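Listed below are the residues making up each chain.
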Amino acid sequence: MSLEMVEDIKEWIYEASALIKERLSSPLIVEQKTSAADVVTNVDKEVEAFFVQKIQQSYPNEKILGEEGISEPVEDFSGRVWVIDPIDGTLNFVKQQDHFCIMLAVYENGVGRLGFIYEVMRDELLWGGDSIGVYINERKITTVKKQSLADGIINVNTNMFVANSFGTKDIAEKALAVRMTGCAGIAFKEVILGKENGYLSCLQPWDYAPGKILAESLGLIVESLDGKALDLKAQSPVLVAGVETYEDIKNLVHH
Ligand code: IPD
Ligand code: CA
Ligand code: CA
């Protein structure tokens with residue numbers, strides 16, 4: 001991992017963002033995945049293929065775990081693994097042309113090194129890692145505002161809220177207010193920027209890979225709600241919060 005790699009990734013992200021904006025002027029090809037609300041578009045696939053090509057060109061023979069499965073499947077997290085979510089918040093992308101992001105993370109032997117969350121329509125790049133710190137565009141973030149569950153706005157996954165899975169509804173009701181953004185990357189970003197005090201969702205590795213690196217670099221807690229260690233090869237119920245909110249939530253989680 002080098003500063004040159006950071007610059008390469010930023011350049012690719014800005015190029016991918018321009019491509020996404022250009023594609024917004026033509027009709028999207030939308031396909032259903034598991035339900036009518038779980039969709040993928042031609043642009044998700046094109047953006048993932050773009051990143052795969054860039055990585056293979058500059059960093060050949062490295063493993064790539066992408067949501068849309070453009071590259072070879074990743075068997076394990078030994079060596080360097082690139083994790084890509086080409087468009088996070090695809091339903092927002094389709095319905096709102098807003099509130100979506102590009103996400104990319106770099107892991108080395110299972111350890112998160114670099115994370116990037118780019119909120120395309122706001123031109124805000126949250127990036128960094130344990131050894132370089134965390135930045136929002138050019139500004140370094142050094143601390144995250146401390147707040148309890150009752151003092152802040154919590155972000156939750158809609159299905160988990162409705163079903164009260166792991167006590168998500170009970171937890172959310174103890175917060176000052178609740179938001180359901182429908183984009184894991186933006187929720188991580190809001191918690192890291194101190195605009196929200198926590199996020200609870202059911203996520204795939206590419207949904208939380210960069211957010212986990214960035215959040216933990218700033219002392220936030222990222223954990224599975226089922227008490228198991230987060231597994232980069234499986235879906236997990238994920239919580240991100242500062243210590244104060246985490247302590248409040250821990251006592252309310254249903255097992
Ligand atoms: C989804 C979004 C959403 C979360 C889902 C994810 P996608 O990602 O992050 O907020 O609740 O679990 O699948 O499919 O739009 O990349
Ligand atoms: Ca996603
Ligand atoms: Ca996606």
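Residues numbered from 1 in each chain as written. Chains lettered and ligands numbered in written order. Predicted model: local features only at pLDDT ≥ 70, side-chain atom pairs only at ≥ 80, totals over all residues. Heavy atoms only, no water.

(A) Representation of the domain arrangement of the chain within the structure. Structurally, the chain comprises domain 1 (3–141) and domain 2 (149–250). Domain 1 puts 37 residues into the contact, and the matching count from domain 2 is 24 residues. Considering only the side of domain 1, the residues that lose the most area to domain 2 are Tyr-107, Ile-117 and Leu-126, jointly responsible for 20% of the buried surface there. Our enumeration of links across domain 1 and domain 2 arrives at two salt bridges. The partner of Glu-124 in a salt bridge is Lys-189, and the shortest N-O contact between them spans 2.5 Å. Contributing elements (two or more residues each) for the side of domain 1 that touches domain 2: strand 4 (80–88), strand 5 (101–108), strand 6 (111–119), strand 7 (124–129) and strand 8 (133–136). The greatest single-element share of the side of domain 1 that touches domain 2, amounting to seven residues, is contributed by strand 6. Its residues assigned to classes, the side of domain 1 that touches domain 2 comprises 20 nonpolar, eight polar and nine charged. (Domains from an automatic or database assignment. Contact = heavy atoms within 4.5 Å. Buried area = accessible area lost by both parts, 1.4 Å probe. Salt bridge = Lys/Arg side-chain N within 4 Å of Asp/Glu carboxyl O. Helix = DSSP H or I, 4+ residues; strand = E, 2+ residues; numbered from the N terminus. Nonpolar A, V, L, I, M, F, W, Y, C, P; charged D, E, K, R; others polar.)

(B) View of unusual backbone geometry. For Asn-109, which is not glycine, the phi dihedral falls at a positive 50 degrees. Judged by its relative accessible area of 58%, Asn-109 is exposed. One non-glycine residue, Asn-164, lies in positive phi territory at about 55 degrees. With respect to the element layout, Asn-164 can be found in the loop between helix 4 (158–163) and helix 5 (168–173). (Buried < 20%, exposed > 50% of the residue type's maximum accessible area, 1.4 Å probe, protein only.)

(C) Just the coordination of the calcium ion (ligand 3), in detail. With distances of 2.1 to 2.3 Å, the protein atoms coordinating the calcium ion (ligand 3) are Glu-67 (OE), Asp-85 (OD) and Ile-87 (O). Sequence spacing among the residues donating to the calcium ion (ligand 3) works out to E-x17-D-x1-I. A gap of 3.8 Å separates the calcium ion (ligand 3) and the calcium ion (ligand 2), which Asp-85 links by coordinating each metal. With Glu-67 in the loop between strand 3 (63–66) and strand 4 and Ile-87 in strand 4, this residue pair connects regions lying 20 residues apart in the sequence. Judged by its relative accessible area of 1%, Ile-87 is buried. (Donors = N, O, S within 2.8 Å, 3.2 Å for Na, K, Ca; no water.)

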